[in-house]
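Given next are the chains, with one letter for each unit.
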Amino acid sequence: MNLDGIRFDTNGLVPAVVQDVQSGTVLMLAYMNRESLQRTLETGETHFWSRSRRELWHKGATSGHTQRVVSIAKDCDTDALLVKVEQNGVACHTGAYSCFFTPVHELADYPATTSLGEVLGAVSRVIRKRNLERPEGSYTTKLLTDGIDRVLKKVGEEAGEVIIAAKNHAPAEITWEVADLLYHVLVMMEIEGIGLEDVAAVLDRRRGEAPAKSIGK
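Residues numbered from 1 in each chain as written. Predicted model: local features only at pLDDT ≥ 70, side-chain atom pairs only at ≥ 80, totals over all residues. Heavy atoms only, no water.

Engineer: How should the packing of helix α4 (residues 148-167) against helix α5 (residues 171-192) be read in this particular structure?
Structural biologist: Each packed pair of helices is defined by two parameters, the angle between the axes and the distance between the axes. Interhelical geometry of α4 versus α5 gives an angle of 160° and a closest axis separation of 9 Å. In terms of their interaxial angle, α4 and α5 are classed as roughly antiparallel. Here the hand of the crossing between α4 and α5 comes out left-handed. Of the residues in α5, those touching α4 at Ile-148, Val-151, Leu-152, Lys-154, Val-155, Glu-158, Ala-159, Glu-161, Val-162, Ala-165 and Ala-166 are Glu-173, Ile-174, Glu-177, Val-178, Asp-180, Leu-181, His-184, Val-185, Val-187, Met-188, Ile-191 and Glu-192. The residue makeup of the contact of α4 with α5, split by class, is 15 nonpolar, one polar and seven charged. (Axes fitted to C-alpha atoms, helices over the stretch in contact; angles between N-to-C directions. Helix = DSSP H or I, 4+ residues; strand = E, 2+ residues; numbered from the N terminus. Parallel < 35°, antiparallel > 145°, perpendicular 65-115°, else oblique. Left-handed = near helix turned anticlockwise from the far one by under 90°. Contact = heavy atoms within 4.5 Å. Nonpolar A, V, L, I, M, F, W, Y, C, P; charged D, E, K, R; others polar.)

See below:
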């Protein structure tokens, strides 16, 4: 990345918007100077410049809530950065996942803005935590302990339930069964070490392919 192409302000800073690469959730806004950006590129984890403490800080150095950098892009005016990351834990010092949790204005009649990607990302993180900690009494822990064959059996069962619900033209039942299927698929992906970003990358590539290879094939 050519740092000479980035327009730092008079204080030598550039704003960096940090986004969850899996869900698209905007996590935080921080500032980088040349040194923190260079450190970010060298280590693969976010480093910022604290305007209040006037020092470099490594995100998650004390809390463990680090951010693995997937990509960095500059905007059209080259005076702002978009940093896409895999978030470990939460992004906000308050304990919230994103720093942007306080509503200022919302249209009362606008549909819920929580996307499927955000929810899948959140569920995936819970499954990852269950895999690491294996708490007793957790259904997810039991699935992970039973292993891939048990999980694949559940994936097959839930897929069959989706088919039956669709044949019955029952929207509420379809919604419920699709949610069950997606959950068990996420457990399978955790066991196999596959992330949502891997699936997203494949789907993104397919958008530009010929019809014969497209999603609708």
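Engineer: Which parts of the structure should I look at to understand a nonpolar patch on the surface?
Structural biologist: Nonpolar side chains collect at one region of the surface, where Val-26, Leu-29 and Phe-100 lie side by side and expose about 290 Å² of accessible area between them. For Phe-100, the position within the fold is in the loop between β6 (81-87) and α2 (116-133). Residue Phe-100 is classed as exposed on the basis of its relative accessible area, which comes to 56%. (Patch = residues over 30% accessible without salt bridge, like charges linked within 9 Å, V, L, I, M, F, W, Y side chains within 5 Å. Areas by Shrake-Rupley, 256 points an atom, 1.4 Å probe, with all protein chains shown as cover. Salt bridge = Lys/Arg side-chain N within 4 Å of Asp/Glu carboxyl O. Buried < 20%, exposed > 50% of the residue type's maximum accessible area, 1.4 Å probe, protein only.)

Engineer: For this particular structure, what's the right way to read the packing of aromatic side chains?
Structural biologist: On inspection of all chains with the given rule, the structure shows two aromatic pairs. Considering the side-chain rings of Phe-48 and Trp-57, the 5.1 Å spacing of their centres and the 40° angle between planes classify their relative orientation as tilted. For Phe-48, a relative accessible area of 0% puts it in the buried group. When the ring centre of Tyr-97 is taken as origin, the NZ or CZ atom of Arg-125, which lies over that ring, is 3.8 Å away. (Phe/Tyr/Trp six-rings, centres within 6.5 Å; stacked < 30°, edge-to-face > 60°. Lys NZ or Arg CZ within 6 Å of the ring centre and 35° of its normal.)

Engineer: I keep staring at the sheet that holds β6 and nothing clicks. Help me out?
Structural biologist: Paired through backbone hydrogen bonds, the strands of a sheet run either parallel or antiparallel to each other. Spatial strand order, β2-β1-β6-β5: four strands in an open sheet with mixed pairing. Only two strands of the sheet have a single neighbouring strand rather than two, namely β2 (26-32) and β5 (67-74). Averaged over all pairs of adjacent strands, the angle between their axes in this sheet comes to 25°, without regard to strand direction. Across five bridges, strand β1 (residues 14-20) lies against β6 in parallel orientation. From the neighbouring strand, Ala-16 faces β6, where its bridge partner is Leu-81. Helix α1 (residues 34-43) rests against β2, β5 and β6 of the sheet, and its axis sits at about 120° to β5. (Pairing = 2+ DSSP bridges.)

Engineer: Sorry if this is basic, but what is going on with the pairing of strand β3 (residues 47-50) here?
Structural biologist: Looking along a regular strand, one sees the side chains alternate between the two faces of the sheet. In β3, alternate side chains face the same way, and those of His-47 and Trp-49 on one face and Phe-48 and Ser-50 on the other are all buried. The antiparallel hairpin formed by β3 and strand β4 (residues 55-58) contains four residues in its connecting segment, where Arg-54 sits at a positive phi of about 55°.

Engineer: Sorry if this is basic, but what is going on with the nonpolar core here?
Structural biologist: Among soluble globular proteins, nonpolar side chains are generally buried collectively. Of all hydrophobic cores here, the largest spans 20 residues; its most connected members are Met-32, Leu-37, Leu-81 and Val-83. The set of elements that each furnish at least two residues to this core consists of β1, β2, β5 and β6. It is β2 that contributes the most residues to this core, four residues altogether. Each residue touching Leu-37, except ones within four places of it in the same chain, is listed here: Leu-3, Ile-6, Phe-8, Met-32, Ile-72 and Leu-81. Leu-120, Val-155, Leu-181 and Leu-196 belong to the second-largest nonpolar core, a separate cluster that totals 13 residues. (Core = buried A, V, L, I, M, F, W, Y, C linked by side-chain atoms within 4.5 Å.)

Engineer: What is the right way to look at α4 in this model?
Structural biologist: One turn of the α-helix equals 3.6 residues, which is why residues spaced by three or four share an orientation. Relative to the 28 Å expected for 20 residues at 1.5 Å per residue, α4 spans 29 Å between its end C-alpha atoms, a close match to the ideal helical length. Considered for burial, the residues of α4 that qualify are Val-151, Lys-154, Val-155, Glu-158, Val-162 and Ala-165. The buried side chains of α4 occupy one side of the element, clustering within an arc of 105° when seen end-on. More than 90 degrees from the buried face of α4, the exposed residues found are Asp-149, Ile-163 and Lys-167. Contacts made by the buried residues of α4 are with α3 (139-146) and α5. Looking one or two residues beyond α4, the residue adopting positive phi is His-169, at roughly 50°. (Expected span 1.5 Å × (residues − 1). Arc of directions from axis to C-beta.)

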